[in-house]
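Each chain is listed here by its residues.
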Amino acid sequence: MASILAVDDSASMRQMVSFTLKGAGYDVIEAVDGVDALNKAQAKTVDLVVTDVNMPNKDGITLIKDLRGLPAYKFTPMLMLTTEAGGDKKQQGKAAGATGWIVKPFNPDQLLKTVKKVLG
Amino acid sequence: MSIDLAQFHQVFFEESFEGLDAMETGLLDLDTGDVESEEINTIFRAAHSIKGGAGTFGFMEVSNFTHVMETLLDEMRDGRRQVTQPTVDVLLDSVDFLREMLTAIQDDEEIDKERMAQCQDALNQELNGDVSSAADATTEQTEIETTQKTDQPKGWQIVFCPHESLMQSGNDPVRILRELEMLGDLTVEVDYQGLPSLYDMDPEACYLSWDLRLEGDVSREDIDDIFAWVEDDCDMAIRPIGEQAPAVENIIADDVVHNDAPDLQLVRDNIQSASAPQAPAENTKPAKKESASSKEKKANTGSSSIRVDTDKIDTLINMVGELVITQSMLSLLGDNFEVDKVDQLKTGLVQLERHTRELQESVMNIRMLPISFVFSRFPRLVHDLSSKLGKQIELKLSGEHTEVDKTVIELLSDPLVHLVRNSLDHGVEMPDVRVAAGKPAMGTVHLNAFHRGGNIVIEISDDGKGLDAEMLRGKAIEKGLIDETTNLTEKQCFELIFMAGFSTAAELSDISGRGVGMDVVRRNIQSLGGSIEIRSELGKGSTIAIHLPLTLAILDGQSIAVGDETYIVPLVSIIESVNLTPDMINRVIGKGETFRLREEYLPIVRMHEIFGIGSAKATSLTEGLVVVVEGQGNRCGLFVDDLLGQQQVVIKSLEANYRRAEGVSGATILGDGSVALILDIPGLLRLSNQHQPGMVVNN
């Protein structure tokens, strides 16, 4: 089954994302911020990255940029969780190499639908 | 797929409250000088997380409210807005309200709508000086949803020309085609004109483009949604079927080739094979299911939890490991024991003892929390109070990492608040008074915590006006609390403020003196097994020091013997022990026995009578010992057979194992395995008062 790296500094969101994806049968690795995520992504190559944008230590956009620079993650889909107010965040994310985004607030169904969309 | 979102609520609340605390701390730091962008970032992030979580978990009021705060903070973060005191105050107030709101939701209570409107107005006023925009923020989402629902044509003609770099972002044209196919009847025509020769081809680039015809009742938004992620990575044109497109045609590079059937078929096959297993699963999915089951299970509230450092748990596990090793070593030794193995046995027992002690310490450590849990609320308190009082006060905190038992921390909070309020209100003077006295206008209140011996000491000091011993004495005489002739040392004068009915403030302000006096503070501290003392210098300031035991689970006790029984008296309650001589003893009819200790007459409590012990060795007052104890300001002498020794005892709850018993606060197990009751001195005094009148005097 596909493995997904879920990155969010908020424990409740992280748990929700992780629980939803695990429930759908995906392998989920959790990370609490960009630095943590980068380490975990390098330790084990994942098939999809779902990351929050606003995080301490390393934000989601920098994480995507860093990951995209790694050979193993050249074509890996990376989704950012963003709020409706983040118009220019989406642009920054795209520029950094994000595949797409999931607009917050979202429910588990929306999340799964989007994940299925990119993982096929 | 039904997922019960309620299971995440507890975590959401916990982290939101933490976030609010972080926001509060951050906001308080903001106004003290230059603005660090990382500070604002932290505050922003907390607000952002709360908003996101609240939206996801269905607390729309919280989400909408936080949205306004977030916008304000975002402007501050980007440097588009100056950080001013009024803004900070409004934000602080909003943090308060948010906390109230979350508490209300957690407790299943109504949200104070009026207060919400007030806070929202205040925020909007800050944001753009316009109250009416409150509605804007809340309707923002719905607006997006209702955009253009015009007439829907029977289908769409889409020209999709990805840029060569499209795949670099993890996107994939096939994925998009697959999605479109799920919307309706899709005809795909590929244009491979852009394909370079094999020699020049970059395998990571996208050279193909597509001409798509999507038939069916499909809305424009659905198509836009599919292309949303790639709209900047491609050229595209979407127009209803049958409509001529005049302008968009020139966006597309060249003529579209229509007659390449084999390739087209190939692509289509690819698409179908890739999406075939996907489609049914996707289609049968019900739109909204998760709300039904979420009602059944209520979020579990009220269970008290404690956050423990992983290191502490690791240490504990380590220790248990050691203990298991020692245990197996000893049992091996016991299997075929011979006398010449005594030395080995001794070593084993020494190890066992050491490991047990270490384990005990580590377990105790788990209950220890840094005192910053209490200290962290004071910056806000001082900030609010000093502006209310018109004083300039700086709060200094030190020793925040000093660890204290969780129970002590919880019970310490109120007394500390009271003491800090007192310092602000009565201690530190108004700026002009301070300047006149040659002190800086800015007063300082210092909260300091540290370990000393087996105790923790918390000091609250200020550089205010200090206590006036003479004035205190005068006041106490005036109030009839002490006699005019009483001679008091300076220290004793200071202690007067702990007496019930004593208040030094000329008039009661709403800040301190809300009916809870220093006597209550002292009683609270004493009930924790601690003590409180004052040092003060007139004109220079005062320091109040609280001494507390590290934990409530272990107590320093004095064991006493009454007949065959052993009792434990908390060491803190013991003043002294005396041998009575006949001339010290007095009997008052109906009031029992007293004895004279220097100038004071104290009641005698005969332990063997109170607890009905027939085996008591000493029944005549001159035979045994009298232990002078104090509990809640009352003193008495406990008549016992003998003093045994001092030791640390682990307190076991009597209520949990048996039931509440007057005069006894708990029990402990002694080294020989027998049970000793721990005496509760105030309870014992009450008990003896009931006992005394009918008592038979037998000496």
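Conventions used here
- Residues numbered from 1 in each chain as written.
- Chains lettered and ligands numbered in written order.
- Predicted model: local features only at pLDDT ≥ 70, side-chain atom pairs only at ≥ 80, totals over all residues.
- Contact = placed C-beta atoms within 7 Å.
- Helix = DSSP H or I, 4+ residues; strand = E, 2+ residues; numbered from the N terminus.
- Nonpolar A, V, L, I, M, F, W, Y, C, P; charged D, E, K, R; others polar.
- Pairing = 2+ DSSP bridges.
- Buried ≥ 20, exposed ≤ 12 C-beta atoms within 10 Å, placed from the backbone.
- Arc of directions from axis to C-beta.
- Axes fitted to C-alpha atoms, helices over the stretch in contact; angles between N-to-C directions.
- Parallel < 35°, antiparallel > 145°, perpendicular 65-115°, else oblique.
- Left-handed = near helix turned anticlockwise from the far one by under 90°.

If you look at the interface, chain A gives 34 residues, while chain B gives 32 residues. Elements represented by at least two residues in the side of chain A that touches chain B include exactly helix 1 (11–23), strand 4 (78–83), strand 5 (100–104) and helix 5 (108–119) of chain A. Within the side of chain A that touches chain B, the residues separate by chemical class into 15 nonpolar, 13 polar and six charged.

All names here are of chain B. Pairing of strand 15 (residues 585–588) with strand 16 (residues 592–597), which is carried by four bridges, proceeds in the antiparallel orientation. Directly across from N586, in strand 16, lies its bridge partner T594. As paired strands, strand 16 and strand 17 (residues 600–606) are joined by four bridges and run antiparallel to one another. Bridge pairing links R596 to Y601 in strand 17.

Quick look at helix 20 (residues 518–527) of chain B now. It helps to recall that an α-helix has 3.6 residues per turn; residues three or four apart then point in one direction. All names here are of chain B. Listed as buried for helix 20 are M518, V521, R522, N524 and I525. The buried residues of helix 20 occupy an angular sector of 160 degrees when the element is viewed end-on, so they sit on one face. Tucked into the core, helix 20 has its buried residues touching helix 16 (406–427), strand 10 (531–537) and strand 11 (541–549).

Turning next to the packing of helix 1 of chain A against helix 2 (residues 37–56) of chain B. Following both chains from N to C, one finds helix 1 of chain A and helix 2 of chain B inclined at 40 degrees, their axes separated by 9 Å at the closest point. In terms of axis orientation, helix 1 of chain A runs oblique to helix 2 of chain B. Relative to helix 2 of chain B, helix 1 of chain A is oriented so that their crossing is left-handed. Between helix 1 of chain A and helix 2 of chain B, the contacting residues are S12, M13 and M16 of chain A on the first element and G52, G53 and T56 of chain B on the second. Residue composition of the contact of helix 1 of chain A with helix 2 of chain B, grouped by class: two nonpolar, four polar and no charged.

Shape descriptors only; they carry no functional weight alone.
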